[in-house]
Amino acid sequence: MRKTVEDEDFKITSFHGIMGLAASGLQLLQDAIINKLPRFLVPPFAFIMQLKIRLFNKMNNQAQRDRDASLYVVLAQKPLN
C-alpha cells in the first residue's frame, strides 16, 4: 500500500495498518455467516467473533500490520508542482 501511494507522488505523513490478515479472514467469515443465522443468534455470534478478531489482530505487532494489513489509515499529501 505504501508503495502504491508513493508511486502516485504523494508524501506520506502517517501510515497505520489497522487489521491484520488473520483478523480480516475472521471478519470475512463472520460477514459470510451472520445473515444465515436465526436473529436470536446474531448478537452472541457477533460478540464471540469480535473477541476472536481482536485476539487475532493482537497476534501481529504494528510493524507486521503496517506491512500486511487489509485495512489501512493513510494520511498523505500531494505536493504542488
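So, here's what we can say about the structure. If you're wondering where the values come from, they're calculated on a predicted model, not measured in any experiment. (Residues numbered from 1 in each chain as written. Predicted model: local features only at pLDDT ≥ 70, side-chain atom pairs only at ≥ 80, totals over all residues. Heavy atoms only, no water.)

## Let's talk about the side chain of R65
We count it as follows: Strands here mean DSSP runs of E at least two residues long; helices mean DSSP runs of H or I at least four residues long; both are numbered from the N terminus. For the exposure calls, accessible area comes from a 1.4 Å probe over protein chains only, and a residue counts as buried if that area is under 20% of its type's maximum, exposed if over 50%, partly exposed in between. Counting rule for charge: Lys and Arg are taken as positive, Asp and Glu as negative, and neither His nor the chain ends is counted. What makes a salt bridge here is a side-chain nitrogen of Lys or Arg within 4 Å of a carboxyl oxygen of Asp or Glu, nothing more. Between two residues, a contact is recorded if the distance between any of their heavy atoms is within 4.5 Å.
Residue placement: R65 occurs in helix α4 (residues 62–68). No salt bridge is formed by the buried R65; the nearest opposite charge belongs to D66, separated by 6.4 Å. Among all residues touching R65, those that are not within four sequence positions of it are G17, I18, M19, G20, N57, N60 and Y72.

## Notes on the pattern of salt bridges
Applying the stated criterion to the full structure yields 2 salt bridges. With a closest N to O distance of 2.8 Å, D7 and K3 form a salt bridge. Residue D7 and its partner K3 are both found in helix α1 (residues 2–7); the two are separated by 4 residues, about one turn of the helix. In this structure D7 comes out as partly exposed when scored by relative accessible area, which is 48%. In this structure K3 comes out as exposed when scored by relative accessible area, which is 57%. A salt bridge links D68 to R67; the shortest N-O distance between them is 2.8 Å. For D68, a relative accessible area of 31% puts it in the partly exposed group. R67 gets classed as exposed once you look at its relative accessible area, which sits at 56%.

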